[in-house]
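Given next are the chains, with one letter for each unit.
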Amino acid sequence: MASLWGGRFEKEMDEIVKVFNASIGFDQRMYNEDIDGSIAHVTMLAAQGIVTKEESGKIIEGLETIREKIRSGEITFNVEDEDIHMGIESRLIAEIGDVGKKLHTARSRNDQCQVDGRMYLKKEIGEILDRLYYLEEVILEKAEKYADCLTVGFTHIQHAQPITLGFVFMAYFQMFKRDIERLHDTYHRMNLCPLGAGALAGTTLPIDRHKTAKLLGFAAPTENAMDSVSDRDYSIEFLSDASISMMHLSRWAEEFVWWNSQEFSFIDIDDSYCTGSSIMPQKKNPDMAELLRGKVGRVYGDLMQLLTVMKGTPLAYNKDFQEDKESLFDAVDTWKASITIFANMLEKTEFRLDQIEAQMAKGFLNATDIAEHFVKQNIPFREAHEIVGRMVKVCEVNGCQLEDLTDEQLSEIDGRISKKSLGDISIKACVDARISFGGTAPSEVRRQIAAGRAFLESLK
Ligand code: ARG
């Protein structure tokens, strides 16, 4: 099959060049966007008198026929098509005859692949946002359910301070909230239409780029034609958003792996989200959490790949840019699947409150709270810290808890303290009193949940 650009050539492309050159293997994913872009383009051409209404009618009808044939599998593509833009254009000409040759007036594949890419990504961002909203809903539900439940707060994977389980959920809520905000941001910045930029410099024909932008649901046309065909910032921003969000998922996935271990036994992941071992009959492994942790690597790779492709490329279009798609598609697929897998796994996970409670006795979780009690009795914090440190030492020697120390032991540590001056240092009392804004007290977690709900509401 002769290429649509074959006029000045005397030889056909070498067979291995055809394969190396073609993007049809992956850019056919955007056939709907390509057809939508063409319909908007020819509608504009007719409105501007560049083609007749009758011609545009035939072209649109032909494009819809092609769309249906691709959808039904009647049309399949191969390397002869080179890319989705020429694949569709050549089928159109075969379908409706010479009038189809008018479609490519005042546009180039350089702007076409960009309008396709932006429309594709806008659609996928919508999908990803829906999945993130769902994840946030699951988190809010769990946070509410466990708002009063106590658990161990760690730093350095060492027992640090007592917290509520709802508080942990709301910490992750914040991460995904920022992911949502970032994605909205990316969406708004990329919501400009490159169609009509042409190869790089616009056109002498009286096109109306504002019209095509509007028809395709963009806020406006892009400002500069040369930038329009060589900009891949929107994909890089998306890949950065994806990388950060995947990093968040991998952090929680890592906690799931720990929490699910025999040593922690904080959670029981549903059987349907675990796998077994082919040799050890007793095993139930948290494979989904581990895979999520692993998947982040490929998304970082996708980001690095595109950053590297774009580095040092001169204006305007270069064929290097064709390498912008596979990594983008991979990140879209990976991120989407990861969010849903994680949300479902979280929803189905049971928290083993008895096991968690058993761990609360270890690690002197209320030590900081005792120091704060002393501060309220006018002991400077640095001294209070020192006193509690000595109390911990005595407890370690005697194998007891801070609340078990006798008046005698306490006054020996420091003349200013007694059992009475410790106040209520039960774990529950300590947590309930952490009502500072953003703190872990159930009342404060409930405020955070309400704010989280309001955030999600504001996006609807
Ligand atoms: N398949 C190409 C891409 O994805 C389309 C643009 C090709 N333009 C060109 N002049 N070779 O980047």
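Residues numbered from 1 in each chain as written. Predicted model: local features only at pLDDT ≥ 70, side-chain atom pairs only at ≥ 80, totals over all residues. Heavy atoms only, no water.

From N to C terminus, the protein includes 19 helices and six strands. Here the C-alpha radius of gyration of the protein, 31 Å, is well above what a compact globule of 460 residues would show, namely 23 Å. Summarising its shape, the C-alpha atoms of the protein cover approximately 100 × 55 × 40 Å along the three principal directions. Counting every position in the protein, which comprises 460 residues, the buried fraction comes to 50%. Across the protein, the fraction of contacts at a sequence separation of at least 24, relative to all contacts at a separation of at least 6, is 76%. Carbon and sulfur atoms make up 53% of the accessible area of the protein, which totals about 22100 Å². (Helix = DSSP H or I, 4+ residues; strand = E, 2+ residues; numbered from the N terminus. Rg over C-alpha atoms; globule rule 2.2 N^0.38 Å. Buried < 20%, exposed > 50% of the residue type's maximum accessible area, 1.4 Å probe, protein only. Contact = heavy atoms within 4.5 Å. Areas by Shrake-Rupley, 256 points an atom, 1.4 Å probe, with all protein chains shown as cover.)

Moving on to helix H13 (residues 353-360). At 3.6 residues per turn, the α-helix brings residues three or four places apart onto the same side. Those residues of H13 that fall on the buried side of the exposure criterion are Ile-356, Gln-359 and Met-360. Mapping the buried residues of H13 onto a view down its axis gives an arc of 110°, with all of them on the same face. Along H13, the residues that are exposed and aim more than 90 degrees away from the buried face are Asp-354 and Glu-357. Here the buried face of H13 lies against strand E1 (150-155), strand E2 (158-164), helix H7 (165-190) and helix H18 (427-432). (Arc of directions from axis to C-beta.)

Looking now at the packing of helix H6 (residues 109-145) against helix H19 (residues 442-459). Running from N to C, H6 and H19 point in directions that differ by 155°, and their axes come no closer than 10 Å. Comparing their axes, H19 and H6 come out roughly antiparallel. Considering how the two elements wind past one another, H6 and H19 form a crossing that is left-handed. From H6, Tyr-133, Glu-136, Glu-137, Leu-140, Glu-141, Ala-143 and Glu-144 reach across to H19, where they touch Ile-449, Gly-452, Arg-453, Leu-456 and Leu-459. (Axes fitted to C-alpha atoms, helices over the stretch in contact; angles between N-to-C directions. Parallel < 35°, antiparallel > 145°, perpendicular 65-115°, else oblique. Left-handed = near helix turned anticlockwise from the far one by under 90°.)

A few words on the nonpolar core. Side chains that are nonpolar tend, in soluble globular proteins, to be buried together. Membership of the largest hydrophobic core comes to 77 residues, with the highest contact counts inside it found for Phe-238, Trp-252 and Phe-256. Of all the elements in the fold, those that place two or more residues in this core are H6, H7, helix H10 (233-260), helix H11 (287-310), helix H12 (326-347), H13, H18 and H19. Dropping the residues within four chain positions of it, Phe-256 is found in contact with Ile-267, Ile-269, Ala-289, Phe-342, Met-345, Leu-346 and Thr-349. With 24 residues, the next largest nonpolar core counts Ala-22, Tyr-31, Ile-59 and Leu-92 among its residues. (Core = buried A, V, L, I, M, F, W, Y, C linked by side-chain atoms within 4.5 Å.)

As judged from the six bridges shared by E1 and E2, these two strands associate in the antiparallel manner. Looking across to E2, one finds that Phe-154 is bridged to His-159. Hairpin connection between E1 and E2: a loop of two residues separates the two successive antiparallel strands, and His-156 in this loop has a positive phi of roughly 55°. (Pairing = 2+ DSSP bridges.)

Where H6 contacts H12, the axes come no closer than 9 Å and their chain directions differ by 20°. Between H6 and H12, the angle falls in the class roughly parallel. Here H6 runs over H12; the crossing is left-handed. Residue composition of the contact of H6 with H12, by class: 17 nonpolar, two polar and six charged. (Nonpolar A, V, L, I, M, F, W, Y, C, P; charged D, E, K, R; others polar.)

Following the UniProt record, one finds the feature "domain: Argininosuccinate lyase C-terminal" (unreviewed entry) at residues 364-431. Between the end C-alpha atoms of residues 364-431 there is a gap of 14 Å, over a span that is 65% helix and 0% strand. (UniProt positions renumbered as here; feature names shortened; annotations may be inferred.)

Checked against the element boundaries, Glu-82 lands in the loop between helix H4 (53-72) and helix H5 (84-96). You can call Glu-82 buried: its relative accessible area is 5%. A distance of 2.9 Å separates a polar atom in the side chain of Glu-82 from a polar atom in the side chain of Trp-5. Beyond its immediate chain neighbours, meaning those up to four positions away, Glu-82 contacts Ser-3, Trp-5, Met-13, Asn-21, Ala-22, Ser-23, Ile-24, Arg-109 and Lys-319. (Polar contact = N/O pair within 3.5 Å; in protein donor to acceptor, adjacent residues only side chain to side chain.)

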